[in-house]
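Structural description and commentary
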Amino acid sequence: MDLPTAPAVIEALHRRADGDLGYPTWLDQPNAGPLAEAFGERMAARHGWSPDISHVRAFSDVNQALQVLLHLWTRPGDGVALHTPAYHPFLGTMEVMERPVRPIQAEPDGDSWRFAIPDLTGCRVLLLVNPHNPTGRVLTRAELEELAELAERHDLLVIADEIHADLTFAPHRHIPFATIAPHRTVTLTSATKAFNLGGIRCSVAHLGHDGVRKALEAQPPFLFGSASLFGVEATVAAWRHGDAWLEEVRALLDRNRRTIAERLPATFGYRMPEATYLAWLHTGRTGMAEVVEREAKVMLSDGAAFGPGGAEYVRLNFATSEPVLAEILDRLSRLA
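Residues numbered from 1 in each chain as written. Predicted model: local features only at pLDDT ≥ 70, side-chain atom pairs only at ≥ 80, totals over all residues. Heavy atoms only, no water.

Thoughts on the pairing of strand S3 (residues 101-109)
Basically, it comes down to this: The criterion for strand pairing is that DSSP finds at least two bridges linking the strands in question. Each helix is a run of DSSP H or I of at least 4 residues and each strand a run of E of at least 2, with the numbering of both proceeding from the N terminus.
Here strand S2 (residues 79-84) runs beside S3; their pairing, made up of 5 bridges, is parallel. Pairing of His83 across the sheet is with Ile104, part of S3. Here S3 pairs with strand S4 (residues 112-116) via 5 bridges, running antiparallel. Each residue of the ladder has a partner; that of Ala106, found in S4, is Phe115.

Quick notes on the packing of aromatic side chains
The following threshold applies: Each Phe, Tyr or Trp ring (for Trp, its six-membered ring) is paired with any other whose centre lies within 6.5 Å, and the angle between the two planes then decides the class: stacked below 30 degrees, edge-to-face above 60, tilted in between.
Counted by the stated rule, this structure contains 7 aromatic pairs. Their ring planes at 20 degrees and their centres at 5.7 Å tell us that Phe195 and Trp245 sit as a pair that is stacked. With Phe195 in the loop between strand S7 (185-189) and strand S8 (203-207) and Trp245 in helix H8 (residues 243-263), this residue pair connects regions lying 50 residues apart in the sequence. Their ring planes at 5 degrees and their centres at 5.0 Å tell us that Trp280 and Tyr313 sit as a pair that is stacked.

With respect to the layout of surface pockets
For clarity, the threshold we go by: Think of a 1 Å grid over just the protein atoms. A cavity is a set of points where a 1.4 Å probe fits yet cannot get out, a pocket is an open set with protein on both sides within 12 Å along at least five of seven lines, and lining residues have an atom within 4 Å of a point. Grid points are joined across faces, edges and corners, and a volume is the space filled by probe spheres set on the points. Classification used: nonpolar for Ala, Val, Leu, Ile, Met, Phe, Trp, Tyr, Cys and Pro, charged for Asp, Glu, Lys and Arg, polar for all others including Gly.
Quantified by volume, the largest pocket comes out at close to 360 Å³. Partitioned by chemical class, the residues of the lining of the largest pocket number 13 nonpolar, 4 polar and 3 charged. Around the second largest pocket sit 21 residues that line it, and Asn63, Tyr87, Ile163, Thr192 and Lys193 are the ones nearest its centre. Class assignment for the residues of the lining of the second largest pocket results in 8 nonpolar, 9 polar and 4 charged.

Observations regarding the packing of helix H3 (residues 62-73) against helix H6 (residues 210-217)
Filter applied, for reference: With axes taken as lines fitted to C-alpha atoms, and helix axes fitted only over the stretch in contact, angles between N-to-C directions fall between 0 and 180 degrees. Every angle not falling under 35 degrees, over 145, or within 65 to 115 is termed oblique; those three ranges are roughly parallel, roughly antiparallel and roughly perpendicular. The contact criterion used is simple: two residues touch if any of their non-hydrogen atoms lie within 4.5 Å.
Between H3 and H6, whose axes approach to 10 Å, the crossing angle comes to 95 degrees. Here H6 runs roughly perpendicular to H3, going by the angle between their axes. Mapping the contact onto sequence places Val68, Leu69, Leu72 and Trp73 in H3 and Gly211, Val212, Ala215 and Leu216 in H6.

Description of the sheet that holds strand S6 (residues 157-161)
The mixed open sheet is built from 8 strands, whose spatial order is S1-S8-S7-S6-S5-S2-S3-S4. Looking at strand neighbours, the two that pair on one side only are strand S1 (56-59) and S4, the edges of this open sheet. Direction aside, neighbouring strands of the sheet carry axes that sit 20 degrees apart on average. Judged from the 5 bridges that link them, strand S5 (residues 123-129) and S6 form a sheet pairing that is parallel. By the bridge assignment for S6, Val129 is matched with Asp161. Most of the contacts of helix H2 (residues 34-47) go to S8, to which it runs at about 70 degrees, and overall it touches S1, S7 and S8. Here H3 sits on the sheet and contacts S1, S2, S5, S6, S7 and S8; the angle it forms with S7, its principal contact strand, is near 155 degrees.

Quick look at the structure:
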C-alpha cells in the first residue's frame, strides 16, 4: 500500500527498540507465544472462529509456509488445485517444486466472477486463496461447502490462504475455511496485507490437519527458521491495537474501488472487487502493462504472470490516496 504505517505498530516497534533486544521469552515456542494468542483472539472477534492456538506455527511469510507444507506433504508430480488466475509467486513455487497446477478457472459472471471446478482426480492439495487475488472475489458459504465436499471426496489437504480476509467489503463476509472443514485445513495468514507490513517477515499457519501437524513436528525445530522479534511485535500490535487505523484504510479502499467504477474508461473492463486493494482489469490485448507504463507512466502488473486466463488483463493496486488515484485514472483515460 502507498499509505503510512499504523501508529500502534510504530509505537510497539519503538518500545521494543528502546528496550530489550535479547532472546524473547517465547523463543522456544514454535507458535511464538503472543503471536498465536493474538491470532486466536482476532479470528474469534472478527470471523467467528475459535482456533486451537496450540496448532499455530509461525513462519516468515505465507510463501515460505506454503513451500514447507508442500515439501512435507507432497512429492514432485502431485497435483495442486488452484483458483486461476493466481498470485504469481504461488505459480512460481509450483513450477520449481514440480507440482502441476490443476486450474479452477475464473470466468466472468455479470458484475462478478464464478469458478469452473474441473475433475480433481490426481490432486493432492487444494490451495484456496480466499479472498481471491487477483480478482477480489469472496467465496460464499455455498461455494466453500462445495469445495469441502470435493476435498473430502478426493482426500485433499486444503491450504487456505486467507491473508486478505480483513480487507473484505460489506455486504460480503469472509468465512474461514477451517470452520467448514477443520480437520482438512491448514490456514495461512498474516498482518502484512491489511496493515501494509510486507517487510516484517511474519506469518501464521494454523495446522488443523493432524497428519501435517505431526509431519512438521517431526522436523528439527529451527530447520525452517523462526519468526523475528520485530515481526511478532508488529503483528501483535496490528492485530490487537490497529483496528482504528484499519477501518480508516478500509473506508478509503471502499471509496477508491467505487471511484474506479465511476471514472475508469470502458476500454478497461472492470468488475468491482469484493475484497483486497487490487483491481483486475480486462484490456482485450496482451502486453498492455508495458504499454501503459511506457505511454502513461503508470505501473500495473502484467496479467500474464498470473497464469491461465490472465494474458489480456492487468492488475491495478488502488491502495493509495484519492489524489494519486485520480491522477492514475486521468492518465489511463488518455490512453482510451
